Amino acid sequence: MNPILDVVVRSLCVYLFMVIAIRLFGKNQLSQLNAGDVVLLLLISNAVQNAMVGPDTSLQGGLVAALVLFAANFILKRLMFSNRKFESFMEEDPVILVRDGKIDEKALNKVKITRDELEEAIREHGVDGIENVKLSILEVDGNISVISEDEKSKQTHYSRIKRKNKRKYLR
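The structure contained in this document is the topic of the report that follows. Source: prediction; values computed, not measured.

Moving on to the pattern of salt bridges. Applying the stated criterion across every chain yields a total of five salt bridges. Across the pair Arg 84 and Asp 93 runs a salt bridge, and its minimum N-O distance is 3.9 Å. Note on Arg 84: relative accessible area 52%, which makes it exposed. On the basis of relative accessibility, which here comes to 46%, the residue Asp 93 falls in the partly exposed class. With its nearest N and O atoms 3.2 Å apart, the salt bridge here joins Glu 119 to Arg 115. Of this pair, Glu 119 and Arg 115 both sit in helix H7 (residues 115-124), separated by four residues, roughly a single helical turn. What makes Glu 119 partly exposed here is its relative accessible area of 24%. Using a relative accessible area of 43% as the deciding quantity, one classes Arg 115 as partly exposed. A single network of salt bridges, built from pairs that share partners, joins Arg 84, Glu 87 and Asp 93.

By the criterion of burial, strand E3 (residues 133-138) is predominantly enclosed, with five of the six residues buried. In this sheet, E3 lies alongside strand E1 (residues 95-99) in antiparallel orientation, the contact comprising four bridges. Counted as the bridge partner of Val 98 is Ser 136 from E3. Sheet topology note: the E3/strand E4 (residues 144-149) ladder contains five bridges and is antiparallel. Considered in E4, the bridge of Leu 135 is made with Ile 147. Where E3 hands over to E4, the hairpin turn is made up of five residues, of which Gly 142 adopts a positive phi near 95 degrees.

Generally speaking, a soluble globular protein has its nonpolar side chains buried in company with each other. Leu 97, Val 98, Ile 113, Leu 118, Ile 122, Leu 138 and Ile 144 are the most contacted members of the largest nonpolar core, which totals 17 residues. Excluding its chain neighbours within four sequence positions, the residues that come into contact with Leu 97 are Lys 102, Ile 103, Asp 104, Ala 107, Leu 108, Val 111, Ile 113, Leu 118, Ser 136, Ile 137, Leu 138 and Ile 144. Formed by six residues, the second largest nonpolar core is a distinct cluster that contains Val 19, Ala 72, Leu 76 and Met 90.

Parameters and conventions
Residues numbered from 1 in each chain as written. Predicted model: local features only at pLDDT ≥ 70, side-chain atom pairs only at ≥ 80, totals over all residues. Heavy atoms only, no water. Salt bridge = Lys/Arg side-chain N within 4 Å of Asp/Glu carboxyl O. Buried < 20%, exposed > 50% of the residue type's maximum accessible area, 1.4 Å probe, protein only. Helix = DSSP H or I, 4+ residues; strand = E, 2+ residues; numbered from the N terminus. Pairing = 2+ DSSP bridges. Core = buried A, V, L, I, M, F, W, Y, C linked by side-chain atoms within 4.5 Å. Contact = heavy atoms within 4.5 Å.

Geometry only, nothing functional implied.
In structure tokens, the structure reads:
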């Protein structure tokens, strides 16, 4: 087999494996990283490097592998943008974790987020307690958005909530 084609095929296989693995293990793995998660990502990247380039450790082999990864990611994003069913398959819908100061325990269990992790995310948004949260959502990218009403200034604090979906969540 052609060495360049070998790197292309290997890189595509590793890319598809990683996309599927991340999809199966959950979106909260993407943004709620602890020390163990960072170590895991570093070890995975090291483990799959040889699987992508095989015996070709040349500059050309590495550049071809990187180009294939960029192209595969570009194509995947385009497919998700143009095909709603494919997007739904690849990314779950946002999950409401807190509404009007009440935690949805079933939702927390479903997405495997602990109460401590939720409270940490709420504090990171400058909110001093769950009871002050109007709405908290685990977004499709793994971030936790928090909307609260500040009793002193009546301002709403939020992060990364999409306008088109805002009305759907506030009902």
